[in-house]
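As a plain string of letters, each chain reads:
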Amino acid sequence: MSSVKVAVRVRPFNSREISRESKCIIEMSGGTTTAITNPKVPPNTSDSVKRFNFDYSYWSHDPHDADFSTQSMVYKDIGEEMLQHSFDGYNVCIFAYGQTGAGKSYTMMGRQEEQQEGIIPMICKDLFGRIQETETDELKYSVEVSYMEIYCERVRDLLNPKNKGNLRVREHPLLGPYVEDLSKLAVTDYQDIHDLIDEGNKARTVAATNMNETSSRSHAVFTIFFTQRRHDTMTDLFTEKVSKISLVDLAGSERADSTGAKGTRLKEGANINKSLTTLGKVISALAEVSANKKKANSKKDFIPYRDSALTWLLRENLGGNSKTAMIAAISPADINYDETLSTLRYADRAKQIVCKAVVNEDANAKLIRELKEEIQKLRDLLKAEGIEVQEGPDGKVVCEKRDANKDELNKGSVIKSPSKGRNRNGSTTEMAVDQLQASEKLIAELNETWEEKLKRTEEIRLQREAVFAEMGVAVKEDGITVGVFSPKKTPHLVNLNEDPNLSECLLYYIKDGLTRLGTHEANVPQDIQLSGSHILKEHCTFENRNNSVTLMPHKDAIIFINGRKLVEPEVLRTGSRVILGKNHVFRFTNPEQARELRDKITENEENENEEQEKADTQQVDWNFAQCELLEKQGIDLKAEMKKRLDNLEEQYKREKLQADQQFEEQRKNYEARIDALQKQVEEQSMTMSMYSSYSPEDFHQEEDVYTNPLYESCWTAREAGLAAWAFRKWRYHQFTSLRDDLWGNAIFLKEANAISVELKKKVQFQFTLLTDTLYSPLPPELAASVSPVQPDDEYGAPPVSKTLVAVEVTDTKNGATHHWSLEKLRQRLELMREMYHNEAELSPTSPDYNVESLTGGDPFYDRFPWFRMVGRSFIYLSNLLYPVPLVHKVAIVNERGDVRGYLRIAVQPVLDEESIDFNNGVKQSARLVFNEDDAKPKYRALNEKDDVQRYIDNGGLDSKLEELEDADSGRGIDSNSASECQEHTDEPGEHLQLGKEFTFRVTVLQATGIGAEYADIFCQFNFLHRHEEAFSTEPVKNSASGAPLGFYHVQNITVPVTKSFIEYLKTQPIMFKIFGHYQTHPLHKDAKQEFVSRPPPRRMLPPSIPISQPVRSPKFGPLPCPPSSTVLAKHDVLVWFEICELAPNGEYVPAVVEHSDDLACRGLFLLHQGIQRRIRMTIVHEPTPEVKWKDINELVVGRIRNTPESSDEQDEDACVLSLGLFPGEVLEVPGDDRSFYRFEAAWDSSLHNSALLNRVSQAGETIYITLSAYLELENCARPAIITKDLSMVIYGRDARTGPRSLKHLFSGQYRNPEANRLSGVYELSLRRASEAGSPGVQRRQRRVLDTSSTYVRGEENLHGWRPRGDSLIFDHQWELEKLTRLEEVGRMRHLLLLRERLGMDTNPNPTTKTEKDVCNLAARAATSPVHMVIPQSPQTPVKDAQQMLPEREYNQREQELMLKCLKLVQGRYSKNESNDTQTQSDVSPSDEGCADMTVSCISSNSMELCSPDRSDAPNGWEAPAPATQPALPLRLYVPELEEIRVSPVVARKGLLNVLEHGGSGWKKRWVIVRRPYVFIYRSEKDPVERAVLNLGTAQVECSEDQAAMVKIPNTFSVVTKHRGYLLQTLGDKEVHDWLYAINPLLAGQIKSRLARRTLEPASQTASQIQASNAVNVGNANK
């Protein structure tokens, strides 16, 4: 007795597990122990790891591991032992158990590569190896094999093609279960076994194809009958030992839900799993039997062997006469944990099975004798019944019964009688005949000699070849190779299959005459039999006449030839694709036709065409036929679909046009009526006189409304100019179209990023906006789709470059950045989807896994240049008009507007033939020709004037509109300076005469400030319209030491003078492009990370305050859209939040608040469980007539969560709770004249039905809620919404709450009720309600399809990434503004340098210069050497004091310009003296920008802000008061409250003495500066903000006059719109630090002014000493 040997083998990860990033949960130790970890249970627990002990544990997971188990190791442990048992005479069985894909077939069969064979081929090889070594004359061996397949509980013989049906499984008392009529073929060496296995697999594949079954659904049992015959010479007796080696290859289980099987297929799938299920039951039952025997339990258990054919045949191997080994194959992945654990448990139970193996001695003689006696008894029994038994010609038993009356034979009457009419004798006779036949067969097999067995094997082989020929499988002439061999003369059909391994495996001959094709159910036998739901009984007929095959379809037969449906008979041509039904695809081949075609080809082209023919034949496969079918059938479908789509589109266009026309008519009608009513109110007298005779019905006359003379346009020049200015601004921004492109294409951007993440591509996509400017020209592929310059229209709008939406592709793999158009993104996205699907279908081990070859390249990456552009610079050439040389130092600006370095360029005319040579430079010459078309500039000209002035008279303009135009165009001073310089260029000089040639020199001197990440710097420059004619310098190494890069490249350019050339010199610059090799190129390993500054750790930064959207109110419904009208006023609001709890004395006391900047909400409420609460809010702001709180409408609490972030999806009805409100009240705080408004609401947290609020918080858990207060304001059409996120921790009812940190605990501030509150800073914006609700604004606020929130597959892998939206538009506007300013500064610097070079700024009379003087000046400047080209600095001291020019007098225009420049430098903007203040505020929407902080160093006459009337302040002074505001008219506003996320950076904090306007005196307060806000606290330990100052709307003043008037040192004032503060520092040195923290610009001005003052006394003292020394020397001489 011996137990079953059990081995466990774990395989490596497969492609599916690698793609899902599975983890290994299997561990093996000691070679026998296997442990599995449960991924669903926390680690280090008792249930996390389960351990099993087996005979062998093979670790085949990692090939690089030292303990890796190979195929040979498995065979040495199990295979060699079992082979030895077979030589000892025992029965042997090896079978693999496990789930699908666990590696059973690999362990049993292996692969064809070397050292990859499985157990079966190794056993067979070693078997014959030992036979050859030990075979002698006394010891002979014989080997027989059988190969059967079990599918759906049906047994089939794979080696005998005659046994097509189901073989019966029988059981003999001595032999046990066996398969009747199963072929046992004799083999002599290993090659015979190998060929039989191969032939069996071929037959199995063919049979599976004909029966519409797959090999993966069947179990295969390969049995080797090994006989040892020994001759005893002493006794002259022959003894035999017979052992049976059963090698079982089990199939995996099949899931019905995944296959979608129904009906018959579902029943077959159930039968497939029946064998595996029964095998598991048998193993469990045998294990229980073994365990019960050990416990001396006499109860006999039932083993369900007969529930399955597999277990019935393996009964002797499972607990019987056999040496059995079981190999359990398992998967290491955590996703297969349940299947792996089930396999390990079955293997553990199988260890307990005990087998009773005995040596199989030779018992043939005994068995034959017993069988002969049994046969004789059966014959006597049948003879007594009157039945004579004879042996038929084929060896079968034939029964004949003789009737005494009629004297004739009735053959098979007993056997064929129906079951109902059968009597007892008939039943007994039938059983006797059946048993007699079985015994006869056994005797025949036992008496069969070895020669007879070899002869029968040869006969079966011949029969098998004949059957293969009928089935389409041919055998080669050598008699060994089995496959498909194309005949040389007979036409035939070759099958095409979706699986390349099954393609061209079947061959059907088309014989001469008629060849019928159908199913086996046809009345007439069919020559070619197919199966399938769309194959008729008689499907079609092939007629072969004179080597011409005609296909004749039968009625209702589905046949396609070359993609066309066959209706009439058609002659087939060789190579045609024939589709029968819907699943059978064939290729027709006629060798004679192919031979005739080849004969027509000439001999020279024969070889080439044969190769081409072979290549064409290889391309015709199953996919080709299917694509051809779809293509031929899809033409009509596409045409019909297109026709229907065209009809639907036309119908949609007609309906939309009709609806638009009706809507437009109604809109015009309503707008006309509204305008008529407005005019009626404004001009009452005129309207009453015109409409006095009208009746109400007359207003419905549409033509009367439009003929009203009130509608005639009567714009003034100023109104027309304003309209043109507004139209230019609207046309320039293009907000609506850009937003449509951003929102509409967001889904494509998300999908591209999701596919990039899933395919592990190092590419990220994001939206960007591109505008064709000087510094950022569009790429060529994008510029082609956009017209860069638009012609002027009737409104006078200047040429504007259109802004387009593009995609910025960040290639982190190569360190490059590309720009794609939206069309290119869609095209690449199609290729990305194709690549994604191809990778999903292919496995990493497939030979066709190269996805890039399938898609024609990687759609994620573009080619990147070796040199990257550092930036651009521009040099104007107007100095060549005079001519004078100039040396420019211009900034190198990139496309984002960032300065990346500086470039020094010298531009000078060459009037003589002389040339200047550089020792270390490069000198080149070129010639250019300017055409007349080149005069049209692409970008803004140098002296271009604003087109608004064509509509506006200069005399009627006010200064406000002039400033508006200058600020908009950036040409306020530029135009004047350019016009003055242009006075000299009305007529060109002698050197620029038309038709002559003019030569000028451009010298590239140096480049400085270029970053160290660029190497090999070089420069290219060209004219704006001559990109193809560029001049380039030699590359210069960038040593990264900060030294200038010397190019010293001299380029002489000769140009024939034309009008276009002169116009270009006046207006357009030369473009310089600086390139460099980027050091972070992918060829430098890991260089990308070297120059990337590491961000600070997350723990070093305070958490950002969460700002949520308002909670949806059940009372007000959906939230209103934010208004887009003009903001009329902004106010800073401070809100205090308190949560009060019911105290034992019956009062509501504020709960303790723990204040800390490290908390997400800057404060944590410590609450008790189960206590009634109230939420109290206090609103504090400066008193203003515009903001008056009327009442609180609703307070909503919702979004209960345990994370700081929230989403609008949490606004469910069950979570959102509207609280009961108490009436609000206006508070009056003594000594504080600010406005205070407080209200409370009862909060019952149990109504939220949230477990977070109902229970005590766990350790480390924080609860977050969002509350929204809807307040009513006077003169407001909508409620104002205050939204705040609060964090809290809930303790037990009787727990003592206090700060959790020792710092707050010992401070004792939490005991102060006023410290237990949380503050929030909000900005209240008041917009005009009439504009917000006007029909025009409502039309502009149209809804656009926003695809940014649409879900895309794989979006969860983006980790919160979102496509950019409206913020990108505003950021791009700022970038354009920055580029415009840089361009304006460059032009202005050139003009000032030119003026200085010409002496216009130092000459007392610079306006009158003759052409001769200019030529003389140019001649003198031309003779100067290159190194002296730099003009003399105005700070250079003059040697002769008498030569100093007297101070020049400025005209009125120059004085106005200087005054305007001085105001711009000081940051002060003077108010208009015009009385039309309200009209000016409505003129420009940029008035909101005027709210920036203004700074001034006030003089003695600027203290009019102080009020000396107060006498109770110290020293008779008080803090400066703000300017009084006029009373506002009654208006209707739309309020908008937005919480401000205060900066965590503290610029300055400390104690200051504060004197507030209207206050009682100086107070010491703790002040913290977080720009742009200043927070005032009562003391250093006070955690609650008591006052807030907004530096963005405040004016900071500090001067000696102010200090003298106040008579208090170290003071400065901060004046807001509503209040003034006088602040005093505690020390002298702190004044500058506080001013620098509050306003760095003011601090720098004061420090520079003080530095100049300290230098003046020193210089005066030195001059006095020199004068005194001179006097003393004079006296001494005297």
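Residues numbered from 1 in each chain as written. Predicted model: local features only at pLDDT ≥ 70, side-chain atom pairs only at ≥ 80, totals over all residues. Heavy atoms only, no water.

Enquirer: Account for the overall build of the chain, naming residues and giving values.
Expert: Helix and strand content of the chain: 38 helices and 66 strands. Relative to its 1678 residues, the chain shows a buried fraction of 43%. A fraction of 70% describes how many contacts in the chain between residues 6 or more apart in sequence connect residues 24 or more apart. Accessible surface computed for the chain: about 92600 Å², of which carbon and sulfur atoms make up 50%. (Helix = DSSP H or I, 4+ residues; strand = E, 2+ residues; numbered from the N terminus. Buried < 20%, exposed > 50% of the residue type's maximum accessible area, 1.4 Å probe, protein only. Contact = heavy atoms within 4.5 Å. Areas by Shrake-Rupley, 256 points an atom, 1.4 Å probe, with all protein chains shown as cover.)

Enquirer: So what's going on with the nonpolar core? Residues and values would help.
Expert: Ranked by internal contacts, the top residues of the largest apolar core, which has 52 residues, are Leu903, Phe1000, Ile1010, Phe1023 and Phe1072. If you look at the next biggest cluster of nonpolar residues, it comprises 48 residues, including Cys93, Leu182, Met326 and Ala347. (Core = buried A, V, L, I, M, F, W, Y, C linked by side-chain atoms within 4.5 Å.)

Enquirer: Can you explain the sheet that holds strand β22 (residues 492–496)? Please cite residues and give values.
Expert: Spatially, β23-β22-β32-β31-β28-β29 is the arrangement adopted by the six strands of the open sheet, whose pairing is antiparallel. Each end of this open sheet is capped by a strand with a single partner; those strands are β23 (507–509) and β29 (564–565). Of the strand pairs in this sheet, strand β28 (residues 559–561) and β29 are connected by two bridges, and their pairing is antiparallel. Within β29, the position partnered with Ile561 by the bridge is Arg564. (Pairing = 2+ DSSP bridges.)

Enquirer: Quick one: what's the story with a nonpolar patch on the surface, residue by residue and with numbers?
Expert: A contiguous nonpolar patch, built from Met641, Leu645 and Leu648 and spanning about 300 Å² of accessible area, is present on the exposed surface. Among the secondary structure elements, Leu648 is positioned in helix α16 (residues 622–682). Look at Leu648 and you get exposed, because its relative accessible area is 52%. (Patch = residues over 30% accessible without salt bridge, like charges linked within 9 Å, V, L, I, M, F, W, Y side chains within 5 Å. Salt bridge = Lys/Arg side-chain N within 4 Å of Asp/Glu carboxyl O.)

Enquirer: So what's going on with the pairing of strand β35 (residues 816–821)? Which residues, and what values?
Expert: The element β35 is largely enclosed, with a buried count of five among its six residues. Across six bridges, strand β34 (residues 803–811) lies against β35 in antiparallel orientation. Looking at the pairing, Asp811 lines up with Ala816 of β35. Here β34 folds back onto β35 in antiparallel fashion, the turn holding four residues, of which Gly815 has a positive phi close to 65°.

Enquirer: So, helix α9 (residues 337–350): which residues are in play, and what are the values?
Expert: Spanning 14 residues, α9 covers 20 Å between terminal C-alpha atoms, matching the ideal 20 Å at 1.5 Å per step. Along α9, the residues that are buried comprise Tyr337, Thr340, Leu341, Thr343, Leu344, Ala347 and Ala350. (Expected span 1.5 Å × (residues − 1).)

Enquirer: Let's hear about the sheet that holds strand β33 (residues 763–771): which residues, and what values?
Expert: Here we have three strands laid out as an open sheet, ordered β33-β34-β35, and antiparallel in their pairing. Since the sheet does not close on itself, it has two edges, and those belong to β33 and β35, each with one partner. On average, each strand axis in the sheet is inclined to that of its neighbour by 35°, with strand direction left out of account. Sheet topology note: the β33/β34 ladder contains nine bridges and is antiparallel. Counterpart to Gln764 in the pairing with β34 is Thr810. Contacting β33 and β34, helix α20 (residues 735–744) runs over the sheet at an angle of about 35° to β34. In the packing of helix α21 (residues 746–758) onto the sheet, the strands contacted are β33 and β34, and the crossing angle to β33 comes to about 150°. (Axes fitted to C-alpha atoms, helices over the stretch in contact; angles between N-to-C directions.)

Enquirer: So what's going on with helix α27 (residues 1059–1067)? Which residues, and what values?
Expert: Most of α27 sits out of view: seven of its nine residues are buried. Within the span of α27, buried status applies to Ser1060, Phe1061, Ile1062, Tyr1064, Leu1065, Lys1066 and Thr1067. Contact partners of the buried residues in α27: β36 (867–876), β40 (997–1008), β41 (1014–1023), β43 (1045–1056) and β44 (1069–1078).

Enquirer: Explain the packing of α20 against helix α32 (residues 1366–1398) residue by residue, including any values.
Expert: Where α20 meets α32, the closest approach of the two axes is 9 Å, and the angle between their N-to-C directions is 135°. One way to sum up the angle between α20 and α32 is to call them oblique. Regarding α20 and α32, the two cross each other, and that crossing is right-handed. Contact residues: Phe735, Leu738, Arg739, Leu742 and Trp743 in α20; Asp1366, Leu1368, Ile1369, Phe1370 and Gln1373 in α32. Among the residues forming the contact of α20 with α32, the class breakdown is seven nonpolar, one polar and two charged. (Parallel < 35°, antiparallel > 145°, perpendicular 65-115°, else oblique. Left-handed = near helix turned anticlockwise from the far one by under 90°. Nonpolar A, V, L, I, M, F, W, Y, C, P; charged D, E, K, R; others polar.)

Enquirer: I'd like to hear about the pattern of salt bridges, residue by residue, with values.
Expert: Summed over all chains, the structure comprises 58 salt bridges. Among the ionic pairs, Arg833 bridges to Glu830, the shortest N-O distance being 2.9 Å. You can see Arg833 and its partner Glu830 sitting in helix α23 (residues 822–841), three residues apart, about one turn around the helix. Overall, the relative accessible area of 24% leaves Arg833 in the partly exposed class. We classify Glu830 as partly exposed; its relative accessible area is 47%. Ionic pairing is found between Arg1174 and Glu1240, a salt bridge with its closest N-O pair at 3.4 Å. Here the residue Arg1174 occupies a position in strand β49 (residues 1173–1181), and Glu1240 occupies one in strand β54 (residues 1232–1243), the gap between them amounting to 66 residues.

Enquirer: So what's going on with the environment of Thr812? Which residues, and what values?
Expert: The topology assignment puts Thr812 in the loop between β34 and β35. Each C-alpha atom of the pair Thr812 and Lys761 lies 9.2 Å from the other, and the pair is 51 residues apart in sequence. A polar contact of 2.9 Å, which involves the side chain of Thr812, links it to the backbone oxygen of Lys762. (Polar contact = N/O pair within 3.5 Å; in protein donor to acceptor, adjacent residues only side chain to side chain.)

Enquirer: Which residues make up unusual backbone geometry, and what values do they have?
Expert: For the bond running from Tyr882 to Pro883, omega is -10°, close enough to zero to count as cis. A cis amide bond links Arg1571 with the next residue in sequence, Pro1572, at an omega value of 5°. As for its placement among the helices and strands, Pro1572 is situated in the loop between β61 (1563–1570) and β62 (1573–1577). One non-glycine residue, Glu21, lies in the positive phi region at around 55°. By secondary structure assignment, the location of Glu21 is in the loop between α1 (15–19) and β3 (26–29). The exposure class of Glu21 is exposed, given its relative accessible area of 59%. Phi angles above zero are rare outside glycine, and Lys760 is one such case at about 60°. For Lys760, a relative accessible area of 66% corresponds to the exposed category.

Enquirer: Pulling in residues and values, what's your account of the pairing of strand β65 (residues 1611–1615)?
Expert: Among the five residues of β65, five are classified as buried, and the element is accordingly described as predominantly covered. Relative to strand β66 (residues 1620–1624), β65 runs antiparallel, the two being bridged by five bridges. Bridge pairing links Val1614 to Tyr1621 in β66.

Enquirer: Could you give me a rundown of the packing of aromatic side chains, with the residues and numbers involved?
Expert: Applying the stated criterion to the full structure yields 26 aromatic pairs. Arranged with centres 5.8 Å apart and planes meeting at 70°, the rings of Tyr97 and Tyr346 form a pair that is edge-to-face. Taken together, the residues Tyr97 in strand β7 (residues 92–98) and Tyr346 in helix α9 connect sequence positions 249 residues apart. Relative accessible area serves as the criterion here: at 9%, Tyr97 is assigned to the buried category. Their ring planes at 5° and their centres at 5.6 Å tell us that Tyr141 and Phe226 sit as a pair that is stacked. Taken together, the residues Tyr141 in strand β8 (residues 139–151) and Phe226 in strand β13 (residues 219–232) connect sequence positions 85 residues apart. The class of Tyr141 is buried, set by a relative accessible area of 14%. Counting every residue linked through ring pairs, the aromatic cluster contains Phe930, Phe998, Phe1000, Phe1023, Phe1061 and Tyr1064. One cation-aromatic arrangement involves Lys323 over Tyr90; the distance from NZ or CZ to the ring centre is 5.1 Å. (Phe/Tyr/Trp six-rings, centres within 6.5 Å; stacked < 30°, edge-to-face > 60°. Lys NZ or Arg CZ within 6 Å of the ring centre and 35° of its normal.)

Enquirer: Can you break down the confidence of the model for the chain residue by residue, with the values?
Expert: Detailed reading of the predicted coordinates is not advisable wherever pLDDT is low. Confidence in the prediction for the chain averages 75 pLDDT; 70% of positions are at 70 or higher. Averaged pLDDT values over the elements of the chain bottom out at 33 in strand β58 (residues 1494–1495) and peak at 95 in β49. Across residues 206–215, where pLDDT falls below 50, the model places 18 contacts with residues more than four positions away in sequence or in other chains. Counted against residues more than four places away or in other chains, residues 915–919, with its pLDDT under 50, gives ten contacts. (pLDDT = per-residue confidence, 0-100.)

Enquirer: How would you explain the side chain of Ser86 if you had to name every residue and give the values?
Expert: Along the chain, Ser86 turns up in helix α2 (residues 71–88). Looking at Ser86, its side chain comes within polar contact range of the main-chain oxygen of Leu83, at 2.5 Å. If near-sequence neighbours (up to four positions away) are discounted, Ser86 is found in contact with Val92, Phe226, Gln228, Ser243 and Ile245.

Enquirer: Which residues make up the environment of Lys274, and what values do they have?
Expert: Among the structural elements, Lys274 can be located in helix α7 (residues 264–294). Residues contacting Lys274, with those up to four places away along its chain left out, are Glu153, Asp307 and Ser308.

Enquirer: Would you mind going over the packing of α2 against helix α4 (residues 119–134) in detail, with residue names and values included?
Expert: Contact pair α2 / α4: the axes reach a minimum separation of 10 Å and the direction vectors enclose 50°. Regarding the angle of α2 to α4, the classification is oblique. Every pair of crossing elements has a handedness; the one defined by α2 and α4 is right-handed. Contacts between α2 and α4 involve Gln71, Ser72, Val74, Tyr75, Gly79, Leu83, Gln84 and Phe87 on the former and, on the latter, Ile119, Met122, Ile123, Asp126, Leu127, Arg130 and Ile131. Here the contact of α2 with α4 is built from residues that sort into nine nonpolar, four polar and two charged.

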